[in-house]
Amino acid sequence: MATNFNIDDAYTKAIKLAKSHYENFPVISFLVPKELRKHIAIIYWFARTADDFADEGDFSLEEKISLLEKFEMRFLDTINGKFEADYDAALFNTINQFNLEVKLFLDLISAFIQDNKVNRYKTIEDVLDYCSRSANPIGRLLLQLFGLTKNHMLISSDKICTALQLTNFLQDISIDSKKGRIYIPLEELEFYKVSESQFLHGTLDENYKALLQFQIKRANELFQLGYDLIPHLQGLFKYEILLTIKGGETILKKIELNNYDVFNRRPTISKFEAFKIFISMFRR
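Keep in mind it's a predicted model, so treat the numbers as computed, not measured.

## Section: the packing of aromatic side chains
Phase 1: On inspection of all chains with the given rule, the structure shows 19 aromatic pairs.
Phase 2: Measuring from ring centre to ring centre gives 5.2 Å for phenylalanine 46 and phenylalanine 71, while their planes differ by 35°; the resulting arrangement is tilted. Of this pair, phenylalanine 46 sits in helix H2 (residues 34-55) while phenylalanine 71 sits in helix H3 (residues 61-79); the two residues are 25 residues apart in sequence, bridging distant segments of the chain.
Phase 3: Among the residues examined, phenylalanine 46 registers a relative accessible area of 1% and is labelled buried.

## Brief notes about the environment of methionine 153
Phase 1: Tracing the chain through its elements places methionine 153 in helix H8 (residues 151-171).
Phase 2: For methionine 153, a relative accessible area of 7% corresponds to the buried category.
Phase 3: Taking C-alpha positions, methionine 153 is 9.5 Å from leucine 233, a pair spaced 80 residues apart along the chain.
Phase 4: Here methionine 153 is in contact with Leu143, Leu148, Leu229 and His232, once residues within four sequence places are set aside.

## Digging into the nonpolar core
Phase 1: Judged by nonpolar contacts, the single largest core of 46 residues is most densely connected at Ile184 and Phe199.
Phase 2: Among the elements of the structure, helix H6 (124-134), H8, helix H12 (206-226) and helix H13 (237-257) are those that each provide at least two residues to this core.
Phase 3: Broken down by element, this core gets its largest block of residues, 8 residues, from H8.
Phase 4: Apart from the residues within four sequence positions on either side, isoleucine 184 is in contact with Tyr121, Leu170, Ile173, Leu189, Phe199, Leu211, Leu212 and Gln215.
Phase 5: With 35 residues, the next largest nonpolar core counts Ala18, Ala50, Leu68 and Phe71 among its residues.

## A closer look at the side chain of glutamine 144
Phase 1: On the secondary structure map, glutamine 144 appears in helix H7 (residues 136-145).
Phase 2: In contact with glutamine 144, not counting residues within four places along its chain, are Phe98, Asn99, Leu100, Glu101, Leu104 and Thr149.

## Some points on the packing of helix H1 (residues 7-20) against helix H4 (residues 86-98)
To characterise two packed helices, one gives the angle between the axes of the helices and the distance between these axes.
Phase 1: Here H1 crosses H4 at 95°, and the two axes come no closer than 8 Å. In terms of orientation, H1 lies roughly perpendicular with respect to H4. Here Ile7, Asp9, Ala10, Tyr11, Lys13 and Ala14 of H1 lie close against H4, whose contacting residues are Asp86, Tyr87, Ala89, Ala90, Asn93 and Thr94.
Phase 2: The class makeup of the residues in the contact of H1 with H4 is 7 nonpolar, 2 polar and 3 charged.

## Details of the packing of H3 against helix H5 (residues 102-115)
Phase 1: Relative orientation of the contacting elements H3 and H5 amounts to 170°, with a least axis distance of 9 Å. When the axis of H3 is compared with that of H5, the two are roughly antiparallel. On the side of H3, the interface is formed by Ile65, Leu68, Glu69, Phe71, Glu72, Phe75, Leu76 and Ile79, while H5 contributes Val102, Phe105, Leu106, Ile109, Phe112 and Ile113.
Phase 2: Per-class residue counts for the contact of H3 with H5 are 12 nonpolar, no polar and 2 charged.

## Quick look at H8
Phase 1: The end-to-end C-alpha distance of H8, which contains 21 residues, comes to 30 Å, matching closely the 30 Å that a straight helix rising 1.5 Å per residue would cover.
Phase 2: Burial within H8 is extensive, with 16 of its 21 residues counted as buried.

## Quick word on H2
Phase 1: For H2, spanning 22 residues, the distance from its first C-alpha to its last is 31 Å, which sits close to the expected 32 Å at 1.5 Å a residue.
Phase 2: Of all 22 residues that make up H2, 16 are buried, and the element is covered over most of its length.
Phase 3: Looking one or two residues past H2, glycine 57 carries a phi angle of roughly 85°, positive in sign.

About the criteria used
Residues numbered from 1 in each chain as written. Predicted model: local features only at pLDDT ≥ 70, side-chain atom pairs only at ≥ 80, totals over all residues. Heavy atoms only, no water. Phe/Tyr/Trp six-rings, centres within 6.5 Å; stacked < 30°, edge-to-face > 60°. Helix = DSSP H or I, 4+ residues; strand = E, 2+ residues; numbered from the N terminus. Buried < 20%, exposed > 50% of the residue type's maximum accessible area, 1.4 Å probe, protein only. Contact = heavy atoms within 4.5 Å. Core = buried A, V, L, I, M, F, W, Y, C linked by side-chain atoms within 4.5 Å. Axes fitted to C-alpha atoms, helices over the stretch in contact; angles between N-to-C directions. Parallel < 35°, antiparallel > 145°, perpendicular 65-115°, else oblique. Nonpolar A, V, L, I, M, F, W, Y, C, P; charged D, E, K, R; others polar. Expected span 1.5 Å × (residues − 1).

Purely geometric numbers; function is a separate question.
Shown next as structure tokens:
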């Protein structure tokens, strides 16, 4: 490995980045062993950077795809020991130290590229295929950091991550529709007699509410399947994953309590609410 890169500085900056962005789930917290926080943070830097290329700025779709393809080439250079910046050297160090699966990083990039090529999904299978690359790799990488690689654990992790992604789709219906994206399957819009224009105009009718009820039910069922992972986890990390699941379930409950209106108020979890969820877990 080249020695003229400051990986400690990159890890420190990655931790600051992870702490500065709102997410529905805790990226790094005191529930994660201190020695692993920097490794989780550098994975977050990778995903956040690719996500920003896909979504931020005033670039055209072609320019965003080009940025992501260049980022993919940069990553391929990274795993071969050729670094562009301190971040790359730190990521290389983490991947090699924990023998992380390289394909999972490439899957993430492929999902971000897809976001700029595909803006409609016909079936739930199409959506779940996207989730398998946009969300599930993060959970699998996290388990690999803890040395948890048994297949049944990975499958349970996939359920949690897919549920989180589906929850985020519901949370961001208004935001995504303004970007020209609809992640709810077109077959299900047709079944519930909901038009795409309702998302753009924020039209709340009984058909729309029935559609969201069905989406929430699906996400909650996946969260329930994800609970199978918890007994296999040790120490405080168990509560990190529980907090993640509870956070997703809380967002879904907020959508229900707000009469399914995600147009005028995007449901989020405040730090105080996260603290209350955390305390309730220990009481149980």
